[in-house]
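So you can see what is in the structure, the chains are spelled out below.
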Amino acid sequence: MKYGFGVDVGGTTVKIGLFDRTGMLLERFEIPTHTENGGARILPEIAAAIEGVLSRRLIAKEDAEGIGVGVPGPVAPDGTVNRCVNLNWGVFNLHKDLGDLTGLCVKAGNDANCAALGEHWKGGGMGCRSTVFVTLGTGVGGGVIIDGKVLEGAHGVGGEIGHITVNTPNPYPCTCGKRGCVEQYASANAIVRQTKERLTASDEASVLRGRRDFTCKDVFAAAKGGERFAESVLEQAFDYLGEALASACCVADPERIILGGGMSKAGEYLLERVERHFKKYMFHACKGTEFSLAALGNDAGMYGAYRLLTMEERE
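What comes next is a walk through the structure.

Calculation notes
Residues numbered from 1 in each chain as written. Predicted model: local features only at pLDDT ≥ 70, side-chain atom pairs only at ≥ 80, totals over all residues. Heavy atoms only, no water. Helix = DSSP H or I, 4+ residues; strand = E, 2+ residues; numbered from the N terminus. Expected span 1.5 Å × (residues − 1). Buried < 20%, exposed > 50% of the residue type's maximum accessible area, 1.4 Å probe, protein only. Arc of directions from axis to C-beta. Pairing = 2+ DSSP bridges. Polar contact = N/O pair within 3.5 Å; in protein donor to acceptor, adjacent residues only side chain to side chain. Contact = heavy atoms within 4.5 Å. Axes fitted to C-alpha atoms, helices over the stretch in contact; angles between N-to-C directions. Salt bridge = Lys/Arg side-chain N within 4 Å of Asp/Glu carboxyl O. Phe/Tyr/Trp six-rings, centres within 6.5 Å; stacked < 30°, edge-to-face > 60°. Lys NZ or Arg CZ within 6 Å of the ring centre and 35° of its normal.

### Brief notes about helix α2 (residues 42–56)
Along an α-helix, a turn takes 3.6 residues, which lines up residues three or four apart on a common side.
Reasoning step 1: Given a rise of 1.5 Å per residue, 15 residues ought to cover 21 Å, and the 21 Å separating the end C-alpha atoms of α2 matches this to within 8%.
Reasoning step 2: All of the buried residues along α2 are Ile42, Leu43, Ile46, Ala47, Ala49, Ile50, Val53 and Leu54. Projected down its long axis, α2 shows its buried positions confined to an angular sector of 165 degrees, all on one face. Turned more than 90 degrees off the buried face of α2, the exposed positions are Ser55 and Arg56.

Okay, here's the thing in structure tokens:
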């Protein structure tokens, strides 16, 4: 029996999963991410944790396929990490450094792409050849899988769904430097901002009026409770998202669009409305595009990191 590891490196914790060759998650645990001193402790502590699992489970090194790693930043095909701000990492070769620490094969990729690959393989995209995965949270991110492989692109920015420009009368500035990026209209932060702007500019009745702080979850709760004001705010956000996804599908032509991230907890309420708006904008040949909710939650990155490692070894 062969085993392998999927590692999802986040700014607060590192999620580590032990998998068998079928992709079954046998064990899952987390360790703290120590980002001080340029994140110098992160790789040695990952290595120590993996060594501990191998020793405890009596797994020989020759029975371990290696380690797949997802990191919050750009990773070149040879494993070179070109700065990860959240981890305080500079430029180094992760394949070599973690490989030297463990004696195992290492394959690294961007964390969003790993999550997309995980959902495609064992989550909301199971059984599909091509999928678009969208994470709806603080921002809008995601990844594109074409014929089972991550679309990275020539500059490593394949799948940057959040920076698709939408047609809006008020092109709000994005942190990327552009204006009109869908992230500024359909993310959780954007929904809260737009709700506050509309409350200030109108006298519309809302349970949110007068509250100093509220979250995107509160806006969804008000809308689900039947409040017309909150519903209209969300419908506008879903309309922009539907427009952006229609544009993405003209390029990727996926079988299925998978909605993940914190906002996906809204379930069918979100799914039905985004799909309805998507159909308003889609190219007619994309009418068969399916929608589903993400299924793996916070484990998607681990699954995708392991898949990133094994799919190359088995080709």
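From this point on, the discussion continues.
### Side note on the pairing of strand β5 (residues 80–84)
Reasoning step 1: Sheet topology note: the β5/strand β6 (residues 89–93) ladder contains four bridges and is antiparallel. Within β6, the position partnered with Cys84 by the bridge is Trp89.
Reasoning step 2: If you look at the hairpin formed by β5 and β6, you'll find four residues sitting between the two strands, and Asn88 has a positive phi there, around 65 degrees.

### Let's talk about the side chain of His277
Reasoning step 1: Among the secondary structure elements, His277 is positioned in helix α9 (residues 268–281).
Reasoning step 2: Among the polar contacts listed, one links the side chain of His277 to the side chain of Glu235, at a separation of 2.6 Å.
Reasoning step 3: The contact partners of His277, leaving out residues within four places of it in the chain, are Glu235, Phe238, Asp239 and Gly242.

### Digging into the sheet that holds strand β10 (residues 149–150)
Reasoning step 1: One open sheet accounts for five strands, arranged β10-β9-β8-β11-β12; its pairing is mixed. Looking at strand neighbours, the two that pair on one side only are β10 and β12 (290–293), the edges of this open sheet.
Reasoning step 2: Of the strands in this sheet, β8 (131–136), β9 (140–146), β10 and β11 (256–260) touch helix α4 (residues 111–122), which is tilted by about 55 degrees from β9.

### A closer look at the pattern of salt bridges
Reasoning step 1: A complete count under the given rule lists 20 salt bridges for this structure.
Reasoning step 2: Ionic pairing is found between Arg57 and Glu27, a salt bridge with its closest N-O pair at 2.8 Å. Linking Arg57 in the loop between α2 and β4 (64–71) with Glu27 in strand β3 (residues 25–32), this pair joins segments that are 30 residues apart in sequence.
Reasoning step 3: We classify Glu27 as buried; its relative accessible area is 15%.
Reasoning step 4: Note that Arg41 is salt-bridged to Glu36, the shortest N-O span being 3.1 Å.
Reasoning step 5: Judged by its relative accessible area of 39%, Arg41 falls in the partly exposed class.
Reasoning step 6: Under the relative-accessibility criterion, Glu36 is labelled partly exposed at 35%.
Reasoning step 7: It is possible to trace a salt-bridge network through shared partners that takes in Glu235, Glu272, Arg273 and Arg276.

### Side note on the packing of aromatic side chains
Reasoning step 1: Under the defined criterion, the tally for this structure stands at eight aromatic pairs.
Reasoning step 2: Centre to centre, the rings of Phe278 and Phe291 are 5.2 Å apart; their planes meet at 65 degrees, and the pair counts as edge-to-face. Residue Phe278 is located in helix α9, and its partner Phe291 is located in strand β12; the two are separated by 13 residues in the primary sequence.
Reasoning step 3: On the accessibility criterion, Phe291 (11% relative accessible area) is buried.
Reasoning step 4: We note Lys122 situated over the ring of Trp121; from NZ or CZ to the ring centre the distance is 5.1 Å.

### Digging into the sheet that holds strand β7 (residues 106–110)
Reasoning step 1: An order of β3-β2-β1-β4-β7 is seen for the five strands of this open sheet, with the pairing classed as mixed. Two strands close off the open sheet at either side, each with one partner strand: β3 and β7. The average undirected angle you get between the axes of adjacent strands in this sheet is 20 degrees.
Reasoning step 2: Across seven bridges, strand β2 (residues 13–20) lies against β3 in antiparallel orientation. Among the inter-strand pairings, Ile16 is bridged to a residue of β3, identified as Phe29.
Reasoning step 3: Contacting β4 and β7, helix α3 (residues 94–102) crosses the sheet at an angle of about 140 degrees to β7.
Reasoning step 4: Sitting on the sheet, α4 touches β1 (3–9), β4 and β7, and the angle it makes with β7 is about 100 degrees.

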